[in-house]
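Summary of structural features
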Amino acid sequence: MNIPRTARRTVARAATAAALATALGLGAVPTTTAAAPATAPHAVRTPGTDPDGGWHQDGLRLKAADNRKVDAFVARARRAERSISPQVRAVARISHADLIGFDQRLKSPDSLKRKVATWMHESPGQSVDTSLGMINDAVRYTLQWPAGKYSQGVHTAAGLLSAWGNDSTRWANTWNRTAGYKAINSAWRAPGSGQLFEVQFHTPESKAAQLQTHKLYEEQRLPGTPPARVRELQQQQNAIFAAVPVPAGAERLTAPAHRVADPSRHRPAPDPARRLPAPAPAHVPVG
C-alpha cells in the first residue's frame, strides 16, 4: 500500500518525539559518576579573584570588567544546561552509550577564565566578547562505546541530536591522524537558548588516553612553557595516542546534514529521524 509522503513524514516526526519521550522515561543513563545538583549558583567567586574584581591564575589575568562578562557567560550556560542534558541522556540511552563524567558537564569558571585569558594573551587586542564567542564547551558531554559498536553508536547519536533540533557547528574527526589526539569532538547549538555545547565521542581506549595526556596538554598550553618543552610534551602525547586502536569505519564518520528548508517545494527537507534505528527497548540495563 502506498502511503502519501506527507503522512510518512508526520509518522516519522511522531516516532522521533515518542523516542525522546520513551528514553526520558527509562530512568538514569549509565554513568561513571553521580549526577550534579539540578541547580547551580549564579554568582561565581573563585580563589583567583582580585580585590578589584579582576582574576589571575598561572600568569594569566582578566580585568574586572572582563571577569564579570565571563561570570555572566557561566550563569547563562548553567541555565541552558537544564534543557540540554535531558536530550543528551536520551541520546545515550537510545544509542547504547555510556555517558562519561556527567557531573563534570559544566566547565568550571576558572577553566573558562583560563581559556579566555590564554586566547587574549596569544592574540593581543582580541576582546573578551570575541573570546567568549569562540567557546563551545562551557556545557560538555562525553559518549563512549566499545570499539566494535563505536561507528554505529556515533551515527545514531549524532543523527538524534540533529533530528531533535540541535545544529551541528563543529565536527573534528581525528581518527585518521597519524599523530596526536584521537576521537571525535563535536559542537552543537541548542534550539531555544542558542547555547553551544560539546559532545565528545570516544572509545574506552581513546578516553583513557585523553585522561592520561591531560596534564601534559595543560602544561603545553601555559604561556611560559619553553618551546623545547612544548615539543617534548607533544611527543609524549603522540606516543600515548599511537597505542589507541581505531574503530572500523571511524575515520569516515561525518556530521549530519543540516536541516534546511527546500525552497523549490516550500516545505522542510526530509526528517533525519527517518534514517534512525528504533528506540532502545525498555529492558536496556539501567545504571
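Read on for a plain summary of the structure. Sequence order as written defines residue numbering, which begins from 1 separately in each chain. Totals for whole chains, interfaces and linings use every residue, but because this is a predicted model, local features are given only for residues with pLDDT of at least 70 and side-chain atom pairs only at 80 or more, for both listing and counting. Each side-chain value is derived from all of the structure's non-hydrogen atoms; neither hydrogens nor water enter the calculation.

Attention now goes to the packing of aromatic side chains. Two rings from Phe, Tyr or Trp (for Trp, the six-membered ring) form a pair when their centres are within 6.5 Å of each other. A pair whose planes differ by under 30 degrees is stacked, one over 60 is edge-to-face, and the rest are tilted. By the definition in use, this model includes 7 aromatic pairs. Both rings, one in Trp145 and one in Tyr150, keep their centres 6.0 Å apart while their planes meet at 85°; by these two values the pair is edge-to-face. Exposure categories follow from relative accessible area, calculated using a 1.4 Å probe and restricted to protein chains: below 20% of the type maximum is buried, above 50% is exposed, and the middle band is partly exposed. Using a relative accessible area of 1% as the deciding quantity, one classes Trp145 as buried. For the pair Trp145 and Phe201, a centre-to-centre distance of 6.0 Å together with 35° between the ring planes defines the contact as tilted. Placement of the pair is Trp145 in the loop between β4 (140–144) and α5 (147–163) and Phe201 in strand β7 (residues 196–202), with a sequence separation of 56 residues. Ring pairs connect the aromatic residues Trp145, Tyr150, Trp171, Trp175 and Phe201, which therefore count as one cluster. The lysine or arginine in question, Arg89, covers the ring of Phe102, its NZ or CZ lying 4.9 Å from the ring centre. Taking the ring centre of Phe102 as reference, the NZ or CZ of Arg105 above it sits at 4.1 Å. The numbering of helices and of strands both runs from the N terminus, where a helix is a DSSP run of H or I of at least 4 residues and a strand a run of E of at least 2. Only when the NZ of Lys or the CZ of Arg is both within 6 Å of the ring centre and within 35 degrees of the ring normal is a charge said to sit over the ring.

Turning our attention to the pairing of β7. As a general feature of sheets, a regular strand has side chains that alternate between the two faces. Within β7, 7 of the 7 residues are buried, which leaves the element mostly enclosed by the surrounding structure. Every second residue of β7 is oriented toward a common face, with Leu196, Glu198, Gln200 and His202 on one face and Phe197, Val199 and Phe201 on the other, all of them buried. Here 5 bridges tie β4 to β7, and the two strands are oriented parallel to one another. Residue pairing for β7: Tyr141 is matched across the bridge by Val199. Any two strands with at least two DSSP bridges between them are considered paired. As paired strands, strand β6 (residues 184–189) and β7 are joined by 6 bridges and run antiparallel to one another. Among the inter-strand pairings, Asn185 is bridged to a residue of β7, identified as Gln200. Linkage of β6 to β7, two consecutive antiparallel strands, is achieved through a turn of 6 residues, within which Gly192 is found at a positive phi near 85°.

Okay, the sheet that holds strand β3 (residues 98–100) next. The pairing of strands in a sheet comes from backbone hydrogen bonds and takes either a parallel or an antiparallel form. As summarised here, the arrangement of the 5 strands in space is β3-β4-β7-β6-β5, forming an open sheet in which the pairing is mixed. Only two strands of the sheet have a single partner each, and these edge strands are β3 and β5 (167–173). In this sheet, neighbouring strand axes are inclined to one another by 25° on average, regardless of whether the strands run parallel or antiparallel. Bridging between β3 and β4 involves 3 bridges; their strand directions are antiparallel. Its bridge partner being in β4, Leu99 is matched across the sheet by Leu143. Residue contacts follow a heavy-atom distance rule, with two residues in contact if any of their heavy atoms lie within 4.5 Å. A fitted line through C-alpha atoms represents every axis, and for helices the fit uses only the stretch in contact; the resulting angles, taken between N-to-C directions, go from 0 to 180 degrees. Along the sheet, helix α2 (residues 64–94) makes contact with β3, β4 and β7, crossing β4 at roughly 5°. Lying over the sheet, helix α6 (residues 204–221) contacts β3, β4 and β7, oriented at roughly 115° with respect to β7.

The element β6 is extensively covered by neighbouring structure, given that 5 of its 6 residues are classed as buried. Of the strand pairs in this sheet, β5 and β6 are connected by 6 bridges, and their pairing is antiparallel. Each bridged residue has a counterpart across the sheet, and for Trp171 the counterpart in β6 is Ser186.

This next bit is on the environment of Asn238. Its place among the elements puts Asn238 in helix α7 (residues 227–242). In this structure the C-alpha to C-alpha distance between Asn238 and Gly180, which are 58 residues apart in sequence, comes to 4.5 Å. Contacts of Asn238, omitting those with residues within four sequence positions, involve Ala179 and Gly180. In terms of polar contacts, Asn238 uses its side chain to reach the backbone amide nitrogen of Gly180, at 3.1 Å. Side chain to side chain, Asn238 and Gln234 meet in a polar contact 2.9 Å long. In the analysis that follows, any N or O atom pair within 3.5 Å is treated as a polar contact, provided that within protein one partner can donate a hydrogen and the other can accept it, and provided that, for residues neighboring in sequence, both atoms belong to side chains.

Its place among the elements puts Pro109 in helix α3 (residues 109–122). Here Pro109 falls in the buried class, since its relative accessible area comes to 13%. Along the primary structure Pro109 and Val74 are separated by 35 residues, whereas in three dimensions their C-alpha atoms are 6.6 Å apart.

Between side chains of opposite charge, a pair can form as their charged atoms come close. We define a salt bridge as a contact between a side-chain nitrogen of Lys or Arg and a carboxyl oxygen of Asp or Glu at a distance within 4 Å. Counting across every chain of the model gives 12 salt bridges. One salt bridge connects Asp50 with Arg61, and the closest N-O pair in it is separated by 3.8 Å. With a gap of 11 residues between them, Asp50 in the loop between α1 (5–24) and β1 (55–57) and Arg61 in strand β2 (residues 60–62) connect regions that are remote in the sequence. Looking at Arg61, the relative accessible area reads 60%, which means it is exposed. In this structure, Glu81 engages Arg105 in a salt bridge whose closest nitrogen and oxygen atoms are separated by 2.6 Å. Placement of the pair is Glu81 in helix α2 and Arg105 in the loop between β3 and α3, with a sequence separation of 24 residues.

Honestly, it's all geometry; don't read function into it.
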